[in-house]
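As a plain string of letters, each chain reads:
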Amino acid sequence: MTYFTGQPEAEIRRRKMAALITQLAPGNGYTQSTLDDVRFLRSDVPIQQTPVLYEPSIVVVCQGRKRGFWGEEMFLYDAQHFLVVAVPLPFVSQTEATLEEPMLAVALRLDFQALADLLITLEIPVTRSNMPVSMASTPLDDSLGVSVIRLLEALRSPEEARVLGPGLLREIYYRVLTGDQGAALRAALAQQGYFAQISQALRMLQTRYQERFEVAGLAREVGMSVAAFHAHFKAITQMSPIQYLKSTRLHHARLLMVRGGISAAAASAEVGYESPSQFSREFKRFFGRSPVQEALFMQEILQLSPAVGMAG
């Protein structure tokens, strides 16, 4: 395979990707495309290490550089590497960008039904030797790069996006599932064994984070002992179930304040906190700023109005 390095053809493709995303995402932060599962990320300024929460997705960066810090590992995703996140995952992200060369990326939310259909079509068995991974950074080869460009070109036209988009997304999923990290990703996306049980628990925590949860109850709902649940949950997310729930609540509260412009007290109640003072303490410990300071900081650094999203 040929990778997106400094070679002329690869550089031409990278520049074409950058030009297309610049056209499709003229402003900072997240820009939703005409396809529900595709959005663009842009940052004209560097962003130091900050906690983020990624949904299961493929992230392709064509300009600038991002680093993800998860547990003891660092994941690079730039013009030579793309990132795959197989489960909803909180980690720490750092963005390298300048006004002259903004960080430009496209994020593709994983459609698990489409992926399941592809896994059946591929007829490649998932063996016990294929250990699933929660997150992976993988070299971006020419075939995947060309597929991404075809999708970006289609997204310039609402009609082409509607007619061609689903097929182009399936093409990209295929490239990822059969690429260098394909075996590990297939194992994760096949949702087998303990990985499937923990994935079920993560979906519950992501969709019902306002509710009260007990670890024993979560373990029981997914059919695991408390000890096994704790061990496998930490192996997949690098944190305990309670830490994951707290992280999820705080991330959603930050989004509510930055995107919706609501107060810290309203955001704390919305995400399930009974005590605004406890929320403020935990928020500051997690993000390094008070809720008000963090909301103002994110709006200022991304030059956003409160009603617009923010980049991860």
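Further up the page is the structure itself.
In what follows, the accompanying structure is described. Every value quoted in this text rests on a predicted model; they were computed, and no experiment measured them.

On the basis of which strands lie adjacent, the open sheet formed by 6 strands has the order S1-S2-S9-S4-S7-S10 and antiparallel pairing. Sheet topology places strand S1 (29-32) and strand S10 (135-139) at the edges, where each strand pairs with a single neighbour. On average, adjacent strands in this sheet sit at an angle of 25 degrees to one another, irrespective of strand direction. Across the sheet, helix H3 (residues 142-154) is in contact with strand S2 (38-43), strand S4 (57-63), strand S7 (81-85) and strand S9 (103-109); its angle to S9 comes to roughly 90 degrees.

Looking at the element boundaries, Ser43 is found in strand S2. Polar side-chain contacts of Ser43 include one of 2.6 Å to the backbone oxygen of Val45.

What follows is about helix H2 (residues 112-122). For H2, the complete set of buried residues consists of Ala114, Leu115, Leu118 and Leu119. Buried positions in H2, seen along its axis, are confined to an arc of 140 degrees and lie on one side of it. Of the residues in H2, the exposed ones pointing more than 90 degrees away from the buried face are Gln113, Ile120 and Thr121. Glu123 sits one or two positions beyond H2 and adopts a positive phi of about 55 degrees.

Let us now look at the pattern of salt bridges. Under the defined criterion, the tally for this structure stands at 17 salt bridges. Residue Arg15 pairs with Glu11 through a salt bridge whose shortest N-O separation is 3.0 Å. With Arg15 and Glu11 both in helix H1 (residues 8-24), this residue pair falls 4 residues apart, about one helical turn. With a closest N to O distance of 2.9 Å, Glu153 and Lys16 form a salt bridge.

What follows deals with the sheet that holds strand S8 (residues 89-96). The strand order across the open sheet formed by 4 strands is S3-S8-S5-S6, and the pairing between neighbours is antiparallel. The sheet terminates laterally at strand S3 (47-54) and strand S6 (73-77), the two strands that pair on one side only. On average, adjacent strands in this sheet sit at an angle of 30 degrees to one another, irrespective of strand direction. In the sheet, strand S5 (residues 65-70) pairs with S6 via 5 bridges, with the strands oriented antiparallel. Residue pairing in the sheet places Trp70 in a bridge with Glu73 of S6. The sheet contacts of helix H9 (residues 241-260) involve S3 and S8, and relative to S3 the element is tilted by about 110 degrees.

This paragraph deals with unusual backbone geometry. Phi at Gln238 takes a positive value of approximately 65 degrees, unusual for a residue other than glycine. Relative to the helices and strands, Gln238 is located in the loop between helix H8 (226-237) and H9.

Bringing the pairing of S10 into the picture now. On any regular strand, side chains alternate: one points to one face of the sheet, the next to the other face. Taken across its 5 residues, S10 has 4 buried, putting it largely inside the fold. Relative to S10, S7 runs antiparallel, the two sharing 5 bridges. By the bridge assignment, His81 is partnered in S10 with Pro139.

Okay, the pairing of S2 next. In terms of residue burial, S2 counts as a mostly covered element, since 5 of its 6 residues are buried. Looking at chain direction, S1 and S2 are connected through 4 bridges and run antiparallel. Note that in S2 the partner of Tyr30 across the bridge is Leu41. Here S1 folds back onto S2, and the loop between the two strands holds 5 residues. Looking at chain direction, S2 and S9 are connected through 6 bridges and run antiparallel.

Along the chain, the position of Ile47 falls in strand S3. Relative accessible area serves as the criterion here: at 6%, Ile47 is assigned to the buried category. Sequence spacing of Ile47 and Glu96 is 49 residues, and the spatial spacing of their C-alpha atoms is 6.7 Å.

Conventions used here
- Position labels on residues start from 1 in each chain and follow its written sequence.
- The predicted nature of this model means local features are confined to residues of pLDDT at least 70 and side-chain atom pairs, given and counted, to a pLDDT of 80 or more, with totals for whole chains, interfaces and linings taken over all residues.
- Side-chain descriptors were evaluated using all non-hydrogen atoms of the structure, hydrogens and water having been removed beforehand.
- DSSP-based pairing: two strands are paired if at least 2 bridges between them are found.
- The way it works is that DSSP assigns letters per residue, a run of H or I at least four long becomes a helix, a run of E at least two long becomes a strand, and they are numbered from the N terminus.
- The axes used here are C-alpha line fits, helices contributing only the stretch in contact, and every angle between their N-to-C directions lies in the interval 0 to 180 degrees.
- Whether two residues are in contact is decided by their heavy atoms: any pair within 4.5 Å suffices.
- Whenever a nitrogen or oxygen atom comes within 3.5 Å of another N or O atom, the pair is scored as a polar contact, on the condition that within protein one atom can donate a hydrogen and the other can accept it, and that pairs from neighbouring residues in sequence are kept only if both atoms are in side chains.
- When a residue's accessible area, from a 1.4 Å probe over protein chains only, is under 20% of the maximum for its type it is buried; when over 50% it is exposed; and in between it is partly exposed.
- Arc definition: it is the arc formed by the directions from the helix axis to the C-beta atoms.
- Salt bridges are counted wherever a side-chain nitrogen of Lys or Arg sits within 4 Å of a carboxyl oxygen of Asp or Glu.

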